[in-house]
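# Per-entry structural report
The lines below spell out each chain.
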Amino acid sequence: MSENINGIFSSIANVYDFMGHLFSLGIDGIWRKIVAGEAMVEKTDYKILDVATGTGSIAIDIAEKAKRVKKQVEIVAVDFNEDMLNIARNKIKRKRIANICVKIEDAMRLDEPCCSYDVVTAGFLLRNIDDTEVFAEELKRILKKGGKFILLEMGKPQNEISKIFFEIYFFIIRFLGSIINKNAYNWLTYSIMAFDRNEMLNILAGKGFRDLKIKNLPFHVGFVITGIK
Ligand SMILES: C[S@@+](CC[C@H](N)C(=O)[O-])C[C@H]1O[C@@H](n2cnc3c(N)ncnc32)[C@H](O)[C@@H]1O
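Residues numbered from 1 in each chain as written. Predicted model: local features only at pLDDT ≥ 70, side-chain atom pairs only at ≥ 80, totals over all residues. Heavy atoms only, no water.

## Section: the site of the ligand
- Around the ligand, 20 residues are found, and the nearest of them are Tyr 16, Arg 32, Ala 52, Asp 79 and Ala 107.
- Arg 32 places a side-chain nitrogen or oxygen 2.9 Å from an oxygen atom of the ligand.
- For the ligand, a nitrogen atom lies 2.9 Å from a polar atom in the side chain of Asp 106.
- Coverage of the ligand by the protein chains reaches 97% of its 590 Å² of free accessible surface.
- Classifying every residue of the shell around the ligand gives eleven nonpolar, five polar and four charged. (Near = heavy atom within 4 Å. Polar contact = N/O pair within 3.5 Å; in protein donor to acceptor, adjacent residues only side chain to side chain. Areas by Shrake-Rupley, 256 points an atom, 1.4 Å probe, with all protein chains shown as cover. Nonpolar A, V, L, I, M, F, W, Y, C, P; charged D, E, K, R; others polar.)

The following block contains the structure:
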């Protein structure tokens, strides 16, 4: 599956940010800022890994937020798709952000040392990765003891009204998305409707993380899972 996913993101890398804002009516930006807020932990000088950084939006939001609240953060932003990372590199350069290091890495086999990060974030990775269980293991391996993870994702709507709403809305997205890339927008809507947030929570609990919390975002499709190693 990861080859297909890689192909999908290569084919939409140039329009990814624009289409994301358009189809979410700008709400995706608010969600990423929630992640950046969660990434501001009590320390003042620490290391953050943004996994599946894509075009780098979460890493950039974190860097900008940290600057505002006067925290020294060193951010490493990784993804396995070079085309998405090229967009990230350009954005980071344009914004003259010096504390983000961009690297190509697979979330299932991170090239990062054990117990090396205070915070790990991942936006919209869980639906796209081959094995969430393997990723949860990696999360546990690279976080320091007491380190925090923040996972932003979209999944099955949580009530009947939002389910009906999203079935209609996703039909429109598939229709409009097919003008650009049918595969990509079919996958987007299918994977959201199939993803079970409680199953993910159970996987993380099974790995021994504590203080697990799930925050459902307005409209009950987006959510953030946080936890501590
Ligand atoms: C929907 S995008 C999210 C990008 C970004 N986090 C954001 O908030 O927009 C999903 C990203 O996950 C990446 N991805 C999927 N599977 C991966 C894996 N096994 N290792 C690294 N990146 C992966 C894709 O290349 C893509 O850039």
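After that view of the structure, there is still more to cover.
## Focus: the side chain of Asn 181
- One can find Asn 181 in helix 7 (residues 160–194).
- Take Asn 181: its relative accessible area is 15%, and that puts it in the buried class.
- When near neighbours in sequence (up to four residues on either side) are disregarded, Asn 181 contacts Ser 11 and Ile 12. (Helix = DSSP H or I, 4+ residues; strand = E, 2+ residues; numbered from the N terminus. Buried < 20%, exposed > 50% of the residue type's maximum accessible area, 1.4 Å probe, protein only. Contact = heavy atoms within 4.5 Å.)

## What to know about a nonpolar patch on the surface
- Residues Ile 164, Ile 168, Phe 171, Ile 172, Phe 175, Leu 176, Ile 179 and Ile 180 make up a contiguous nonpolar surface patch of roughly 840 Å² in combined accessible area.
- Turning to its location among the elements, Ile 180 is positioned in helix 7.
- Given a relative accessible area of 39%, Ile 180 falls into the partly exposed group. (Patch = residues over 30% accessible without salt bridge, like charges linked within 9 Å, V, L, I, M, F, W, Y side chains within 5 Å. Salt bridge = Lys/Arg side-chain N within 4 Å of Asp/Glu carboxyl O.)

## Some details on helix 3 (residues 27–38)
- If you check helix 3, its first and last C-alpha atoms are 17 Å apart, about what twelve residues at 1.5 Å a residue would give, namely 16 Å.
- Three or more residues of helix 3 are buried, namely Asp 28, Trp 31, Arg 32, Val 35, Ala 36 and Glu 38. Considered in projection along helix 3, the buried side chains sweep an arc of 165° and stay on one side of the axis.
- Close packing links the buried residues of helix 3 with helix 2 (16–24), helix 4 (57–68), strand 4 (117–123), strand 5 (143–154), strand 6 (210–216) and strand 7 (222–228). (Expected span 1.5 Å × (residues − 1). Arc of directions from axis to C-beta.)

## Description of the sheet that holds strand 4
- Reading across from one edge, 3-2-1-4-5-7-6 is the order of the seven strands in this open sheet, with mixed pairing throughout. Pairing within the sheet leaves two strands with one partner each, and these edge strands are strand 3 (100–104) and strand 6. Ignoring which end each strand starts from, the neighbouring axes of this sheet average 15° apart.
- By the bridge criterion, five bridges tie strand 2 (residues 72–79) to strand 3 in an arrangement that is parallel. Each bridged residue has a counterpart across the sheet, and for Val 78 the counterpart in strand 3 is Lys 103.
- On the sheet, helix 3 packs against strand 4, strand 5, strand 6 and strand 7 and is oriented at approximately 170° with respect to strand 5.
- Most of the contacts of helix 6 (residues 132–142) go to strand 5, to which it runs at about 145°, and overall it touches strand 1 (45–51), strand 4 and strand 5. (Pairing = 2+ DSSP bridges. Axes fitted to C-alpha atoms, helices over the stretch in contact; angles between N-to-C directions.)

Keep in mind these numbers describe shape, not what the thing actually does.
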